[in-house]
Amino acid sequence: MTLCLPLKEQIITLNVVPVIETPSDETPTSDKTQSAGPSVSNENPTSGHERKYKIREVLMRTLEGKAILASLDGERCISLKQRRAIQRILVSHLVECFGEYPTSDVKTSLAVSIVEEFPCLKDHIGNGYEAWFCKGRNKRPSTGFLEECLRNRRKRALRQTNPHQAQGQQGAGSKRPCLVLHDSDITEERAMQMVAWLKVHVLPLDTVTEYMRDTAIYRAKWIQEHGTRTVAEIQTEFPRLVDTPGMIAQDFHSLHPEASAKLAEKWVSLLSEKILKLAAKERNAVIHLSAMNYNDDTDTADMKGDVALQILPYLLPGSSYKVAKNSTRPTLDEAKTFFIDKKPVGTNMPEYLREAGKTRPEPFVLLLGQDSAFSQVFFVFNGEAQEQRTLLAAVDVCFKSFYVYDINYPKQCSPTWEFLQTTVYELPGAESSAVRFLRTTISAL
């Protein structure tokens, strides 16, 4: 077992492998600042990004770490299990050297060192290391794999010493940033007249489509300003949104024209093959692929796209959240079911929709079929099932409904929707570390 000694003692100890590169003229910290290991002073310029960690040397100390290095050097990607292992190994080393509460500078330096040592782990958005550590700002807590691992260590220690004080992490559905709406091309008075007409007319379809397009901005502002209204109340005010096919997609296009076609353009051609390649490294995903009778050699590109959509939640583990006073974490199977549910052909749809309305948040996608084949696909929202041409189209309208109705993603599968939002549709918003890591891994392939 290798002991991590204070910096002053490391200078004269020959059997300790140095894992931090620091300038030779660095001034040792005082005894007062070394109460939990060699901490880093904020006034010391070398305590920031200039401090470099020898990541390879830390990983080489364990068999698990050596396997991770082989994957990173050979395949340029790692599995979720290996990602959890690398954060555990590096955080253990961090705690040995700096105690349970290392400074933000120390954690940032470690995150920077990780992506500099392994460029395939560097995100092309932001500074590139935020999946590993992102310093909290504006009263928001720090995030990232390193921070989460440290926080979980402290929670376990707290449960052991005082179980009554240990609290689960508060979870919430992922909320998108408030949309900044541009001015409508028609006056508010004219928009109100069109909305009144739309409440009582379903035909002619051309006029309905035109009026819905012209009132899209008015409708979005109304939904924002009446944030406490339920989906049912919104649909009472704007009934053509749900009973006229294509209106949700049309509203979304009016709000985000640059993002409207992104899923159709990118999923099959750019992303699905990479998603399936990464899924082949995950045990739970492999089991699901086998159950769907997926065949990489014979399945068409469109079939692979459908399978990749169904397997995506297995690459994006959810965060814990509270139900009443208890903390819960969705399983990967739950994340998949709350994103895309699958039932056998012949399912009693009225009964299914009635039970689903009581037990799960909407919207979501429903498949009727078995294995990788399905005969029908539905977009389920507010107790109604609208049949769609393809699974890709169903996921597309489901995603767009979150924006049009200004509602949060379900907690059970929020990382999956976040990934589609920021990586596929390229819309801004908060991201979990899991989403950043998956995007980074895909980009490296």
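Before reading further, recall that the structure is shown in the block above.
Worth saying up front: this structure is predicted, and the values here are computed from it rather than measured. (Residues numbered from 1 in each chain as written. Predicted model: local features only at pLDDT ≥ 70, side-chain atom pairs only at ≥ 80, totals over all residues. Heavy atoms only, no water.)

Chemist: Any details on the environment of Phe133? Residues and values, ideally.
Modeler: Checked against the element boundaries, Phe133 lands in the loop between α5 (104-117) and α6 (145-161). The exposure class assigned to Phe133 is buried, which follows from its relative accessible area of 0%. In this structure the C-alpha to C-alpha distance between Phe133 and Gly144, which are eleven residues apart in sequence, comes to 4.2 Å. When residues no more than four places from it in sequence are discounted, the contact partners of Phe133 are Ser104, Lys107, Thr108, Ala111, Ser142, Thr143, Gly144, Leu146 and Glu147. (Helix = DSSP H or I, 4+ residues; strand = E, 2+ residues; numbered from the N terminus. Buried < 20%, exposed > 50% of the residue type's maximum accessible area, 1.4 Å probe, protein only. Contact = heavy atoms within 4.5 Å.)

Chemist: Give me the lowdown on α5, citing residues and values where you can.
Modeler: Side chains three or four residues apart in an α-helix point the same way, a direct result of the helix having 3.6 residues per turn. With 14 residues, α5 ought to run about 20 Å at 1.5 Å a step, and its terminal C-alpha atoms sit 20 Å apart, in line with that. Burial analysis of α5 places ten of its 14 residues in the buried class, which makes it a mostly covered element. By the burial criterion, the buried members of α5 are Val106, Lys107, Thr108, Ser109, Leu110, Ala111, Val112, Ser113, Ile114 and Val115. (Expected span 1.5 Å × (residues − 1).)

Chemist: Can you break down the packing of aromatic side chains residue by residue, with the values?
Modeler: Tallying each qualifying case throughout the model produces 17 aromatic pairs. Between Phe145 and Phe437, the aromatic rings sit 5.8 Å apart at their centres with planes inclined by 80 degrees, giving edge-to-face as the arrangement. A residue pair is termed long-range when its members are at least 10 positions apart, and Phe145 in helix α6 and Phe437 in helix α20 (residues 433-444) qualify at 292 residues. The pair formed by Phe145 and Phe437 is uniform in burial state, with each residue classed as buried. (Phe/Tyr/Trp six-rings, centres within 6.5 Å; stacked < 30°, edge-to-face > 60°.)

Chemist: Can you tell me about the layout of surface pockets, naming the residues and giving the values?
Modeler: Take a probe with the size of a water molecule and roll it over the atoms, and the empty space left behind shows itself. Within this model, the second largest pocket holds a volume of roughly 510 Å³. The wall of the second largest pocket is formed by 27 residues, among which Gln388, Arg389, Leu392, Ala393 and Asp396 lie closest to the centre. For the lining of the second largest pocket, the secondary structure elements donating two or more residues are α11 (240-243), α12 (247-255), α13 (262-279), α15 (301-311), β8 (384-388) and α18 (391-404). A class-by-class count of the residues in the lining of the second largest pocket yields 15 nonpolar, seven polar and five charged. (1 Å grid on protein atoms, 1.4 Å probe; cavity = no way out; pocket = protein on both sides within 12 Å on 5 of 7 lines; lining within 4 Å. Points joined across faces, edges and corners; volume = space filled by probe spheres on them. Nonpolar A, V, L, I, M, F, W, Y, C, P; charged D, E, K, R; others polar.)

Chemist: Before we move on, could you go through empty space enclosed by the protein and cite the residues and values that matter?
Modeler: Applying the stated criterion across every chain, the model contains two cavities of 30 Å³ or more. Estimates place the volume of the largest cavity at around 90 Å³. Taken together, Ile78, Ser79, Leu80, Leu278, Lys281, Glu282, Leu315, Ala434, Phe437, Leu438 and Thr441 make up the lining of the largest cavity. Residues belonging to the lining of the largest cavity are distributed by class as follows: seven nonpolar, two polar and two charged.

Chemist: Just give me the short version of a nonpolar patch on the surface, but keep the residues and values in it.
Modeler: Taken together, the side chains of Val202, Leu203 and Leu205 make up a nonpolar region of the molecular surface, amounting to roughly 290 Å² of accessible area. By secondary structure assignment, the location of Val202 is in the loop between α7 (188-200) and α8 (205-214). With relative accessibility at 47%, the residue Val202 sits in the partly exposed group. (Patch = residues over 30% accessible without salt bridge, like charges linked within 9 Å, V, L, I, M, F, W, Y side chains within 5 Å. Areas by Shrake-Rupley, 256 points an atom, 1.4 Å probe, with all protein chains shown as cover. Salt bridge = Lys/Arg side-chain N within 4 Å of Asp/Glu carboxyl O.)

Chemist: Tell me about the packing of α13 against α15, and name the residues and values.
Modeler: At a minimum axis distance of 8 Å, the contact between α13 and α15 shows a crossing angle of 55 degrees. One way to sum up the angle between α13 and α15 is to call them oblique. When the axes of α13 and α15 are compared, the crossing they make is left-handed. Across the interface between the two elements, Trp267, Val268, Ser272, Glu273, Ile275, Leu276 and Ala279 of α13 pack against Ala301, Asp302, Lys304, Gly305, Val307, Ala308, Leu309 and Ile311 of α15. (Axes fitted to C-alpha atoms, helices over the stretch in contact; angles between N-to-C directions. Parallel < 35°, antiparallel > 145°, perpendicular 65-115°, else oblique. Left-handed = near helix turned anticlockwise from the far one by under 90°.)

Chemist: Kindly report on the pairing of strand β5 (residues 340-343), identifying the contributing residues and their values.
Modeler: Pairing of β5 with strand β6 (residues 364-370) involves four bridges; the strand directions are parallel. Within β6, the position partnered with Asp341 by the bridge is Leu366. After leaving β5, the chain enters helix α17 (residues 349-359) and then returns to the sheet as β6, a path that is right-handed. (Pairing = 2+ DSSP bridges. Right-handed = clockwise from strand over helix to strand, strands pointing away.)

Chemist: Run through the pattern of salt bridges, naming residues and quoting values.
Modeler: By the definition in use, this model includes 23 salt bridges. In this structure, the salt-bridge partner of Glu75 is Lys281, at a minimum N-O distance of 3.0 Å. Residue Glu75 is located in the loop between α3 (63-74) and α4 (80-98), and its partner Lys281 is located in the loop between α13 and α14 (283-291); the two are separated by 206 residues in the primary sequence. Take Glu75: its relative accessible area is 43%, and that puts it in the partly exposed class. By relative accessible area, which is 25% here, Lys281 ends up partly exposed. When the shortest N-O distance is used, the salt bridge between Lys358 and Glu355 registers 3.9 Å. Here Lys358 and its partner Glu355 are both found in helix α17, three residues apart, which amounts to about one turn of the helix. Ionic contacts of the salt-bridge type, sharing partners, join the residues Lys107, Glu147, Arg151 and Arg154 into one network.

Chemist: Residues and numbers for the packing of helix α9 (residues 216-225) against α12, please.
Modeler: Axis separation between α9 and α12 bottoms out at 9 Å; the angle between their running directions is 90 degrees. In terms of their interaxial angle, α9 and α12 are classed as roughly perpendicular. Here Ala216, Ile217, Arg219 and Ala220 of α9 come into contact with α12, specifically with Asp251, Ser254 and Leu255.

Chemist: A description of the state of the cysteines should follow, citing residues and the corresponding values.
Modeler: In a disulfide, the sulfur atoms of two cysteines are covalently bonded to one another. Scanning the model with the defined rule gives zero disulfides in all. Residue Cys77 stays outside any disulfide, its sulfur separated by 7.7 Å from that of Cys120, the closest cysteine. For Cys77, a relative accessible area of 2% corresponds to the buried category. Between Cys398, a free cysteine, and Cys413, which holds the nearest cysteine sulfur, the sulfur-to-sulfur gap is 8.2 Å. (Disulfide = S-S within 2.5 Å.)

Geometry only, nothing functional implied.
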